[in-house]
Amino acid sequence: MLETDSFDGLLVTTPFGTNELHTAVTDQYCRLLDSYNPEEILTVAASPTSMATFREMLDDEVPGAAVPRVTSLVVQATDVVNQTDERAILSDAIRRELVHRFLQDRDWESEYFQQAAEQPTFHADIARLMETMGWQNGSFDTTPELAEVAGIVEEFHDWLDKHDHMERGQLISTAMTTLMETERGNETIDAEAVLAVEFEEFQPLDRGYLATLANELELVCIAETDASVRRTRIEPGTVTDHVSFSTIQSGGRDEPATRPSATAAYLARRSVHEDPEAGDVSVLAAETADEQLEKVADEIEQLQEREGWTYDDVAVALKQSGPAVTGTIRALEQTGIPTASATVTGFGDDPAIRELLRVVRYLAASSDARQSLLSDGAVLDETILASVETMDGLSAPLRRWATDSSMKARIAEETPPLDARAQFGNVKRVFSMAEFVEDTDFLDTTWESFATMLERAHEYAPQQNQTRATDLDGGVRVDHLQALKNGSFRAVFVLNVVDENYPGDPSLTRLFPHERVAKMPDYPGVTAVKNGDVEATFPTRSTASSRPFRRYHAEHARRQLAVGAAAATDRLYFCLYKHEDTALDERVQPSRFLTDAYRQLPWVTEADDSVIKSERAAEEYLLSRVDRELADVRRTNSQDVTVSLDEFEADLVEIQRLLDASGERGGHLRRALRTRTEFADGRIRRE
């Protein structure tokens, strides 16, 4: 039996891929305005990156000069904690540093971890798992290794508490405890009604917090069906499987208004609608991944010239976060296109940060090492360094360097406005880190200690998303798909729509192999999956594998693709490439989800010289998968590799279905398949 949260309020559900979400949000907000003033209505989104979207959605509905009061769960919880708790909330960079120091020289109980600790990424992987556990606040008492990590999380929180600190993963549970104290809760919330949007993304802890937050207030929740990507990472089923409301309303089944939204609806629900005849959906193909970005940059410039669109009318979406996003930002900026991101700060690539890091390394180094640093090609003013070195502390000397070296003026003069604003923000983060070290008695206030912290922050910045929005605009938005959810852009380029990404492999952790994770019922993610879980969560049926774990995460990848498509209002581009840019020049297959959509949706067309040119080409691409699968099977005889026969069988079943539906052409392709199989088995040789 599923555990159900009960709410005294109204739940409105709307279908994904239509305009019903916008209509439901504005209608319910206007209904609440009939009874309350704008400042008495608290609108809460699931993610900080959605705050601007819903604020803009409601801005025209409030009377006069009033503004809608829009926040997110974590931002609102932060406000509660800041008003009622004296502990300092750690930034992501500082938390990462403290976790690393906390884990140093630890003796691991698990034999598995004793061996894994030899790997260079072990501490970073443990830190990421600890963060996930902290946000979910669940029970991890079945798998011994997870129980050990859960114990470390508890020790870490106790250690932080002794030093009057807390991490962001504790915010919601801490704020919920505060709100349960009636008097303090009433003082902190100061609202009469709560409108919860993106309710389909509220995780179990989020729902508990919402129930506490909205206690004795009028509550309206709006959920979009077949749209969850954040919650379904850790919880199967629809959100309505886990909640009960006193009143439930279902939104209308409006037809999608544009081709991008109709494509999104097909990817999410496999529902085929009539051609809306508005908007465009194109496949943009290139030879390599690098050429793919070059084509995207060219198309963005052409949209500016032909259509008169601005850069912030455009978004570039990726499945992965961290390095994938920062690498794309770097590549686009090298072509002269300004970029913005709501989840990545660019800390690791910022020239101002690299300059401050060189200064810190110089001040931390010995006399001999300093000469080497001065001769490495970096220009450092020795006069300023000499004056800085005589100062006490860390933050004041760094500020002096920034002032005397005219860093602010140089950033403003040499950097475009959008990048300059990001660099100013990153410099402030370095100052804050220095102040934290100065004010924390369990950290050494030395240049050597701070150099280690700053180097680690610089090294790992691209590898993990920031958890709060940076609120930048003015450039092409580059982000992972989840961060673009509910956003609205005239053009969206979804990159790397190849089978290696969609569906790709489940990406949960590097600590354990997939086979092990799939058997962990208490892992903080969807792992021990049954067939019923897949069917209850996703209406789509893709042939990825016969194993429920693989099927679940394949359908989740398809859902992510749908969310990215839904962010486009006028033009949607599915971008892919033919070959890996490696010495082997390996052939890359278009995503099976894209080839499926290409067959079913007549408005999906080709941009430039696409690799998917016809139904025949789509079928032949699917058929060519057997070459790679057969090669993998042959490798098992000579190499220590494991091949999933379930996945191989799934590919063959999909190809068989295509052949059966292709008439006479299917007969020709079936003979080609038999020939390929016989050739792989050595029964046929090329003359």
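Residue numbering note: each chain is counted from 1, following its sequence as written. Local features are withheld for residues below a pLDDT of 70 in this predicted model, meaning they are given only at 70 or higher, and side-chain atom pairs are given and counted only at 80 or more; totals for whole chains, interfaces and linings count all residues. Think of the side-chain values as coming from all heavy atoms in the structure, minus any hydrogens and water.

Observations concerning the overall build of the protein
Here is step 1 of the chain: Only DSSP runs of H or I reaching four residues or more are called helices, and only runs of E reaching two or more are called strands; each is numbered from the N terminus. From N to C terminus, the protein includes 28 helices and 15 strands.
Here is step 2 of the chain: Any two residues whose heavy atoms approach within 4.5 Å are treated as being in contact. Partitioning the intrachain contacts of the protein with sequence separation of at least 6 by distance along the chain shows that 74% fall at a separation of at least 24.
Here is step 3 of the chain: For the protein, the computed accessible surface area is about 30700 Å², with 44% contributed by carbon and sulfur atoms. Note that accessible areas follow from Shrake-Rupley with a 1.4 Å probe, and for residues the cover is restricted to the protein chains shown.

Looking at the confidence of the model for the protein
Here is step 1 of the chain: Confidence in the prediction for the protein averages 84 pLDDT; 82% of positions are at 70 or higher.
Here is step 2 of the chain: When the criterion is pLDDT under 50, residues 463-471 qualifies, and its contacts beyond four places in sequence or with other chains add up to 29 contacts.
Here is step 3 of the chain: A residue's pLDDT is the predictor's confidence in that residue, given on a scale from 0 to 100. A low-confidence stretch, residues 609-621 stays under pLDDT 50, and its non-local contacts, those more than four residues away or across chains, total 31 contacts.

What to know about helix α17 (residues 395-404)
Here is step 1 of the chain: A 1.4 Å probe rolled over the protein chains alone gives each residue an accessible area, and that area as a share of the maximum for its type sets the label: buried under 20%, exposed over 50%, partly exposed in between. Inspection of α17 places Ser395, Pro397, Leu398, Trp401 and Ala402 among the buried residues, and these make up the whole buried set. For α17, the angular spread of the buried residues around the axis is 165 degrees, confining them to a single face.
Here is step 2 of the chain: A positive backbone phi angle near 60 degrees is found at serine 406, which sits one or two residues after α17. In this description, one arc is meant: the one made by directions from the helix axis to the C-beta atoms.

With respect to a negative patch on the surface
Here is step 1 of the chain: Taken together, the side chains of Asp290, Glu291, Glu294 and Asp298 define an acidic patch exposed on the protein surface.
Here is step 2 of the chain: Turning to its location among the elements, glutamate 294 is positioned in helix α12 (residues 289-307).
Here is step 3 of the chain: You can call glutamate 294 partly exposed: its relative accessible area is 48%. Surface patches are drawn from residues lacking salt bridges whose relative accessible area is over 30%; two like charges belong together within 9 Å, two nonpolar side chains (Val, Leu, Ile, Met, Phe, Trp, Tyr) within 5 Å. Any carboxyl oxygen of Asp or Glu within 4 Å of a side-chain nitrogen of Lys or Arg constitutes a salt bridge here. The charge count treats Lys and Arg as positive and Asp and Glu as negative. His and the chain ends do not count. All charge positions are set by atom: Lys at NZ, Arg at CZ, Asp at CG, Glu at CD.

Quick notes on the environment of leucine 363
Here is step 1 of the chain: Residue placement: leucine 363 occurs in helix α14 (residues 351-364).
Here is step 2 of the chain: In this structure leucine 363 comes out as buried when scored by relative accessible area, which is 6%.
Here is step 3 of the chain: The contact partners of leucine 363, leaving out residues within four places of it in the chain, are Arg370, Leu385, Val388, Glu389 and Trp447.

Considerations on unusual backbone geometry
Across the chain, the bulk of peptide bonds are trans and the bulk of non-glycine residues have phi less than zero.
Here is step 1 of the chain: Cis geometry marks the peptide bond from tyrosine 502 to proline 503; its omega dihedral reads 15 degrees.
Here is step 2 of the chain: The phi dihedral of aspartate 190 is positive, around 55 degrees, even though this residue is not glycine.
Here is step 3 of the chain: Looking at the element boundaries, aspartate 190 is found in the loop between α9 (182-189) and β6 (193-196).
Here is step 4 of the chain: With relative accessibility at 58%, the residue aspartate 190 sits in the exposed group.

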